[in-house]
Amino acid sequence: MPLGPILNLARALADVVSPRSCLGCGVLIEHAGRVCAPCDAALAELRRLSYCGRCGRSARPETIDDDGCGVCRRERFWNMAGVARFGAYESPLREMVLDLKYDGVLANAEWLGAALAQRIAERPWQPIDAIVPVPMHPLRRWQRPCDHAAELAEVVSRRLGIPLRRLARRSRYSESQLRMDTRAKRFDNIAQCFEPRGRARSKGLTVCIVENMVVTGATLCEVAKALRRGGAKRIYAAFVARSSPPGQPQPIAGSKSR
(Lines give C-alpha, C1' and ligand atoms only; values in the text may rest on other atoms or scores of the structure.)
Protein backbone atom coordinates (compact mmCIF):
# COMPACT_ATOMS: atom_id res chain seq x y z
CA MET A 1 0.00 0.00 0.00
CA PRO A 2 1.40 3.48 -0.85
CA LEU A 3 2.76 5.44 2.09
CA GLY A 4 0.65 8.57 1.40
CA PRO A 5 -2.76 7.04 2.27
CA ILE A 6 -1.29 5.48 5.42
CA LEU A 7 0.03 8.87 6.57
CA ASN A 8 -3.30 10.53 5.81
CA LEU A 9 -5.15 7.88 7.83
CA ALA A 10 -2.73 8.31 10.75
CA ARG A 11 -3.26 12.09 10.74
CA ALA A 12 -7.05 11.65 10.62
CA LEU A 13 -6.97 9.30 13.62
CA ALA A 14 -4.73 11.73 15.52
CA ASP A 15 -7.20 14.53 14.91
CA VAL A 16 -10.00 12.42 16.40
CA VAL A 17 -7.97 11.51 19.48
CA SER A 18 -6.66 14.99 20.21
CA PRO A 19 -7.83 18.50 19.19
CA ARG A 20 -5.89 20.36 16.52
CA SER A 21 -3.68 23.23 17.52
CA CYS A 22 -2.54 26.01 15.21
CA LEU A 23 0.85 25.31 13.64
CA GLY A 24 1.71 28.99 13.93
CA CYS A 25 0.75 29.97 17.46
CA GLY A 26 -0.47 26.79 19.18
CA VAL A 27 -4.00 27.96 19.94
CA LEU A 28 -6.69 25.24 19.71
CA ILE A 29 -8.73 25.39 16.52
CA GLU A 30 -12.04 23.72 15.72
CA HIS A 31 -12.07 23.88 11.90
CA ALA A 32 -10.34 21.44 9.55
CA GLY A 33 -7.42 23.74 8.72
CA ARG A 34 -4.00 23.65 10.33
CA VAL A 35 -3.65 27.34 11.21
CA CYS A 36 -5.98 29.72 13.02
CA ALA A 37 -7.61 32.66 11.25
CA PRO A 38 -5.13 35.32 12.51
CA CYS A 39 -2.11 33.20 11.56
CA ASP A 40 -3.66 32.37 8.19
CA ALA A 41 -4.06 36.09 7.49
CA ALA A 42 -0.50 36.82 8.64
CA LEU A 43 0.93 34.02 6.47
CA ALA A 44 -1.02 35.27 3.47
CA GLU A 45 0.49 38.72 4.00
CA LEU A 46 4.01 37.31 4.21
CA ARG A 47 3.37 35.34 1.03
CA ARG A 48 2.26 38.49 -0.81
CA LEU A 49 5.51 40.33 -0.11
CA SER A 50 7.53 40.80 -3.28
CA TYR A 51 10.92 39.11 -3.48
CA CYS A 52 13.83 38.78 -5.87
CA GLY A 53 13.50 35.71 -8.09
CA ARG A 54 17.28 35.31 -8.18
CA CYS A 55 18.19 35.43 -4.47
CA GLY A 56 14.90 35.42 -2.53
CA ARG A 57 15.41 38.70 -0.66
CA SER A 58 12.40 40.85 0.15
CA ALA A 59 12.51 43.83 -2.19
CA ARG A 60 10.25 46.44 -3.72
CA PRO A 61 8.99 45.39 -7.17
CA GLU A 62 10.61 48.38 -8.87
CA THR A 63 14.08 47.26 -7.69
CA ILE A 64 13.78 43.77 -9.22
CA ASP A 65 14.41 42.75 -12.81
CA ASP A 66 15.30 39.55 -14.67
CA ASP A 67 18.94 39.83 -13.52
CA GLY A 68 18.04 40.04 -9.84
CA CYS A 69 17.81 42.84 -7.31
CA GLY A 70 20.23 45.63 -6.49
CA VAL A 71 21.92 43.48 -3.84
CA CYS A 72 22.41 40.12 -5.55
CA ARG A 73 23.57 41.68 -8.81
CA ARG A 74 26.72 42.58 -6.85
CA GLU A 75 27.12 39.07 -5.38
CA ARG A 76 29.36 37.14 -7.75
CA PHE A 77 29.07 33.97 -5.67
CA TRP A 78 25.34 33.53 -6.39
CA ASN A 79 25.28 30.42 -8.60
CA MET A 80 21.63 29.43 -9.07
CA ALA A 81 19.39 30.09 -12.04
CA GLY A 82 16.49 31.18 -9.82
CA VAL A 83 14.80 30.73 -6.47
CA ALA A 84 11.32 30.32 -5.03
CA ARG A 85 10.36 31.13 -1.46
CA PHE A 86 7.16 31.21 0.54
CA GLY A 87 7.61 34.41 2.52
CA ALA A 88 9.64 36.67 4.76
CA TYR A 89 11.16 35.23 7.95
CA GLU A 90 8.67 36.79 10.33
CA SER A 91 5.96 35.51 12.70
CA PRO A 92 4.19 33.15 12.41
CA LEU A 93 6.31 31.68 9.61
CA ARG A 94 9.46 31.97 11.73
CA GLU A 95 7.92 29.90 14.53
CA MET A 96 6.76 27.23 12.07
CA VAL A 97 10.27 26.92 10.61
CA LEU A 98 11.90 26.75 14.04
CA ASP A 99 9.40 24.23 15.41
CA LEU A 100 10.16 21.92 12.49
CA LYS A 101 13.91 22.36 12.75
CA TYR A 102 14.40 22.09 16.52
CA ASP A 103 11.28 20.29 17.77
CA GLY A 104 10.63 17.97 14.83
CA VAL A 105 7.01 19.07 14.31
CA LEU A 106 6.39 17.14 11.09
CA ALA A 107 2.93 18.64 10.57
CA ASN A 108 4.80 21.87 9.83
CA ALA A 109 6.81 20.11 7.13
CA GLU A 110 3.57 19.01 5.46
CA TRP A 111 2.07 22.51 5.51
CA LEU A 112 5.26 24.35 4.56
CA GLY A 113 6.24 21.80 1.93
CA ALA A 114 2.84 22.07 0.25
CA ALA A 115 3.07 25.87 0.27
CA LEU A 116 6.59 25.74 -1.16
CA ALA A 117 5.53 23.31 -3.90
CA GLN A 118 2.88 25.79 -4.98
CA ARG A 119 5.49 28.56 -5.16
CA ILE A 120 7.76 26.39 -7.31
CA ALA A 121 4.87 25.63 -9.65
CA GLU A 122 4.32 29.37 -10.12
CA ARG A 123 7.89 30.07 -11.26
CA PRO A 124 8.64 30.27 -15.01
CA TRP A 125 11.33 27.60 -14.78
CA GLN A 126 12.44 24.87 -17.10
CA PRO A 127 11.10 21.39 -16.22
CA ILE A 128 12.78 20.03 -13.07
CA ASP A 129 14.22 16.52 -13.13
CA ALA A 130 14.93 16.11 -9.42
CA ILE A 131 14.21 17.63 -6.00
CA VAL A 132 17.40 17.67 -3.91
CA PRO A 133 17.31 18.33 -0.14
CA VAL A 134 20.25 20.12 1.45
CA PRO A 135 22.21 17.21 2.96
CA MET A 136 22.60 16.92 6.72
CA HIS A 137 25.78 15.51 8.27
CA PRO A 138 25.19 12.25 10.23
CA LEU A 139 26.42 13.87 13.45
CA ARG A 140 24.06 16.82 13.00
CA ARG A 141 21.24 14.40 12.27
CA TRP A 142 21.95 12.72 15.59
CA GLN A 143 21.65 16.12 17.30
CA ARG A 144 18.38 17.13 15.63
CA PRO A 145 14.90 15.60 15.93
CA CYS A 146 14.52 15.31 12.16
CA ASP A 147 16.20 16.08 8.84
CA HIS A 148 14.11 19.18 8.20
CA ALA A 149 15.26 19.85 4.63
CA ALA A 150 14.59 16.24 3.65
CA GLU A 151 11.14 16.34 5.25
CA LEU A 152 10.26 19.46 3.25
CA ALA A 153 11.75 17.99 0.07
CA GLU A 154 9.67 14.82 0.41
CA VAL A 155 6.46 16.86 0.54
CA VAL A 156 7.54 19.03 -2.39
CA SER A 157 8.46 15.94 -4.40
CA ARG A 158 5.11 14.29 -3.70
CA ARG A 159 3.08 17.41 -4.43
CA LEU A 160 4.83 18.17 -7.73
CA GLY A 161 5.33 14.58 -8.86
CA ILE A 162 9.08 15.13 -9.25
CA PRO A 163 11.51 12.48 -7.95
CA LEU A 164 13.47 13.23 -4.80
CA ARG A 165 17.11 12.34 -5.39
CA ARG A 166 19.95 12.71 -2.89
CA LEU A 167 22.51 13.87 -5.41
CA ALA A 168 24.82 15.54 -2.87
CA ARG A 169 26.19 14.52 0.50
CA ARG A 170 27.60 16.35 3.52
CA SER A 171 31.21 15.17 3.67
CA ARG A 172 32.52 17.50 6.40
CA TYR A 173 31.03 18.49 9.75
CA SER A 174 31.11 22.16 10.70
CA GLU A 175 29.85 24.40 13.47
CA SER A 176 26.30 25.68 13.30
CA GLN A 177 25.91 28.68 11.03
CA LEU A 178 24.03 30.36 13.89
CA ARG A 179 27.38 30.88 15.61
CA MET A 180 28.79 32.81 12.64
CA ASP A 181 28.12 36.53 13.05
CA THR A 182 29.30 37.73 9.62
CA ARG A 183 28.71 36.66 6.03
CA ALA A 184 32.41 35.96 5.54
CA LYS A 185 32.47 33.60 8.54
CA ARG A 186 29.40 31.77 7.27
CA PHE A 187 30.98 31.18 3.88
CA ASP A 188 34.28 30.07 5.40
CA ASN A 189 32.50 27.76 7.84
CA ILE A 190 30.54 25.91 5.16
CA ALA A 191 33.21 25.85 2.42
CA GLN A 192 33.96 22.41 0.94
CA CYS A 193 31.41 20.68 3.18
CA PHE A 194 29.51 19.04 0.31
CA GLU A 195 30.34 16.57 -2.44
CA PRO A 196 28.40 15.05 -5.33
CA ARG A 197 27.01 11.65 -4.45
CA GLY A 198 28.34 9.21 -7.01
CA ARG A 199 30.08 9.98 -10.28
CA ALA A 200 27.99 11.96 -12.76
CA ARG A 201 24.64 11.07 -11.14
CA SER A 202 23.54 14.68 -11.73
CA LYS A 203 24.84 14.81 -15.31
CA GLY A 204 22.57 16.81 -17.57
CA LEU A 205 19.84 17.24 -14.93
CA THR A 206 17.87 20.33 -14.00
CA VAL A 207 17.51 20.20 -10.22
CA CYS A 208 15.90 22.16 -7.41
CA ILE A 209 17.61 22.33 -4.01
CA VAL A 210 15.20 22.50 -1.06
CA GLU A 211 16.07 24.18 2.25
CA ASN A 212 14.06 25.48 5.20
CA MET A 213 15.49 29.01 5.35
CA VAL A 214 18.32 31.13 3.99
CA VAL A 215 20.34 33.91 5.61
CA THR A 216 23.39 34.62 3.45
CA GLY A 217 22.95 31.82 0.90
CA ALA A 218 26.30 30.24 1.77
CA THR A 219 24.94 26.72 2.26
CA LEU A 220 22.87 26.78 -0.92
CA CYS A 221 25.83 28.01 -2.95
CA GLU A 222 28.08 25.24 -1.63
CA VAL A 223 25.48 22.56 -2.36
CA ALA A 224 25.08 24.01 -5.86
CA LYS A 225 28.85 23.75 -6.38
CA ALA A 226 28.74 20.05 -5.47
CA LEU A 227 25.86 19.45 -7.88
CA ARG A 228 27.75 21.23 -10.64
CA ARG A 229 30.72 18.95 -10.04
CA GLY A 230 28.31 16.05 -10.38
CA GLY A 231 27.22 17.33 -13.79
CA ALA A 232 23.98 19.23 -13.08
CA LYS A 233 22.95 21.36 -16.05
CA ARG A 234 20.71 23.90 -14.31
CA ILE A 235 20.16 24.53 -10.60
CA TYR A 236 17.24 26.20 -8.89
CA ALA A 237 16.60 26.56 -5.16
CA ALA A 238 13.45 26.71 -3.07
CA PHE A 239 13.22 27.65 0.59
CA VAL A 240 10.48 28.58 3.01
CA ALA A 241 11.91 31.94 4.06
CA ARG A 242 14.89 34.23 3.70
CA SER A 243 16.13 36.25 6.66
CA SER A 244 18.64 39.08 6.80
CA PRO A 245 22.21 38.47 8.05
CA PRO A 246 22.92 39.18 11.75
CA GLY A 247 22.73 42.87 12.54
CA GLN A 248 20.82 43.79 9.38
CA PRO A 249 17.08 44.54 9.42
CA GLN A 250 14.67 42.84 7.05
CA PRO A 251 14.35 45.03 3.93
CA ILE A 252 11.03 46.75 3.40
CA ALA A 253 9.07 45.01 0.65
CA GLY A 254 6.27 46.14 -1.57
CA SER A 255 2.88 44.42 -1.57
CA LYS A 256 3.06 42.96 -5.07
CA SER A 257 4.30 39.37 -5.26
CA ARG A 258 6.85 38.45 -7.91
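Just so it is clear, the model here is predicted, and its values are computed rather than measured.

## A few points about the nonpolar core
For step 1, the next point in the chain: Of all hydrophobic cores here, the largest spans 40 residues; its most connected members are L93, I120, I128, I131, C208 and V240.
For step 2, the next point in the chain: Those elements giving two or more residues to this core turn out to be α2 (37-48), β3 (82-88), α3 (93-103), α4 (106-122), α6 (148-160), β7 (206-214) and β8 (234-242).
For step 3, the next point in the chain: When residues in this core are grouped by element, the largest group, six residues, is from α4.
For step 4, the next point in the chain: Filtering out sequence-adjacent residues up to four positions away, V240 remains in contact with R85, F86, G87, L93, V97, L112, L116, L152, E211 and N212.
For step 5, the next point in the chain: Counting 32 residues, the second-largest nonpolar core is a separate cluster that includes L167, A218, L227 and F239.

## Details of α4
For step 1, the next point in the chain: With 17 residues, α4 extends 25 Å from end C-alpha to end C-alpha; this agrees with the ideal 24 Å at 1.5 Å per step.
For step 2, the next point in the chain: Among the residues of α4, those classed as buried are N108, A109, E110, L112, G113, A114, A115, L116, A117, R119 and I120.

## Points about unusual backbone geometry
For step 1, the next point in the chain: Residue P92 is bonded to the preceding S91 through a cis peptide linkage, with omega at 0°.
For step 2, the next point in the chain: In this structure, P92 sits in the loop between β3 and α3.
For step 3, the next point in the chain: The phi dihedral of Q192 is positive, around 60°, even though this residue is not glycine.
For step 4, the next point in the chain: The topology assignment puts Q192 in the loop between α7 (183-190) and β6 (194-196).

## So, the side chain of R170
For step 1, the next point in the chain: Looking at the element boundaries, R170 is found in strand β5 (residues 168-170).
For step 2, the next point in the chain: Nearest to the buried, unbridged R170 among oppositely charged side chains is E211, at 7.7 Å.
For step 3, the next point in the chain: At a separation of 2.9 Å, a polar atom in the side chain of R170 contacts the main-chain carbonyl oxygen of R172.
For step 4, the next point in the chain: Those residues within four positions of R170 in sequence are excluded, and the remaining contacts are P135, M136, H137, I190, C193 and F194.

## Concerning the packing of aromatic side chains
For step 1, the next point in the chain: If you walk through the whole model with that rule in mind, you get three aromatic pairs.
For step 2, the next point in the chain: With centroids separated by 6.1 Å and ring planes inclined at 65°, the aromatic side chains of F77 and W78 adopt a geometry described as edge-to-face.
For step 3, the next point in the chain: Given the relative accessible area of 24%, F77 is considered partly exposed.
For step 4, the next point in the chain: For the pair W125 and Y236, a centre-to-centre distance of 4.1 Å together with 5° between the ring planes defines the contact as stacked. Here Y236 lies in strand β8 and W125 lies in the loop between α4 and β4 (130-133), a separation of 111 residues in the sequence. Accessibility classification places W125 together with Y236 in one group, the buried group.

## A few points about a nonpolar patch on the surface
For step 1, the next point in the chain: On the surface, a nonpolar cluster with roughly 360 Å² of combined accessible area is contributed by L139, W142 and Y173.
For step 2, the next point in the chain: As for its position among the elements, W142 is in helix α5 (residues 138-143).
For step 3, the next point in the chain: Since its relative accessible area comes to 73%, W142 is described here as exposed.

## Considerations on the sheet that holds β8
For step 1, the next point in the chain: Sheet architecture is open: four strands sit in the order β3-β8-β7-β4, paired in parallel fashion. Sheet topology places β3 and β4 at the edges, where each strand pairs with a single neighbour. Within this sheet the neighbouring strands show an average axis-to-axis angle of 20°, counted without direction.
For step 2, the next point in the chain: Taken together, the four bridges between β4 and β7 define a ladder with parallel strand orientation. Paired with P133 across the bridge in β7 is V210.
For step 3, the next point in the chain: Taken strand by strand, helix α8 (residues 218-229) contacts β4, β7 and β8, and its axis lies near 160° from that of β7.

## Some thoughts on the pattern of salt bridges
For step 1, the next point in the chain: Under the definition given, this model contains ten salt bridges.
For step 2, the next point in the chain: One salt bridge connects R47 with E122, and the closest N-O pair in it is separated by 2.6 Å. Of this pair, R47 sits in helix α2 while E122 sits in helix α4, and the two are 75 residues apart along the sequence.
For step 3, the next point in the chain: For the salt bridge of E122 with R119, the shortest nitrogen-to-oxygen distance reads 3.4 Å. Of the two residues, E122 and R119 both sit in helix α4, three residues apart, roughly one turn of that helix.
For step 4, the next point in the chain: Taking the relative accessible area as the measure of exposure, R119 reaches 2% and is therefore buried.
For step 5, the next point in the chain: Taken together, the shared-partner salt bridges in this structure form one network comprising R47, R119 and E122.

Conventions used here
Residues numbered from 1 in each chain as written. Predicted model: local features only at pLDDT ≥ 70, side-chain atom pairs only at ≥ 80, totals over all residues. Heavy atoms only, no water. Core = buried A, V, L, I, M, F, W, Y, C linked by side-chain atoms within 4.5 Å. Buried < 20%, exposed > 50% of the residue type's maximum accessible area, 1.4 Å probe, protein only. Helix = DSSP H or I, 4+ residues; strand = E, 2+ residues; numbered from the N terminus. Contact = heavy atoms within 4.5 Å. Expected span 1.5 Å × (residues − 1). Lys, Arg positive; Asp, Glu negative; His and termini not counted. Salt bridge = Lys/Arg side-chain N within 4 Å of Asp/Glu carboxyl O. Polar contact = N/O pair within 3.5 Å; in protein donor to acceptor, adjacent residues only side chain to side chain. Phe/Tyr/Trp six-rings, centres within 6.5 Å; stacked < 30°, edge-to-face > 60°. Patch = residues over 30% accessible without salt bridge, like charges linked within 9 Å, V, L, I, M, F, W, Y side chains within 5 Å. Areas by Shrake-Rupley, 256 points an atom, 1.4 Å probe, with all protein chains shown as cover. Pairing = 2+ DSSP bridges. Axes fitted to C-alpha atoms, helices over the stretch in contact; angles between N-to-C directions.

Distances and angles like these do not, on their own, reveal function.
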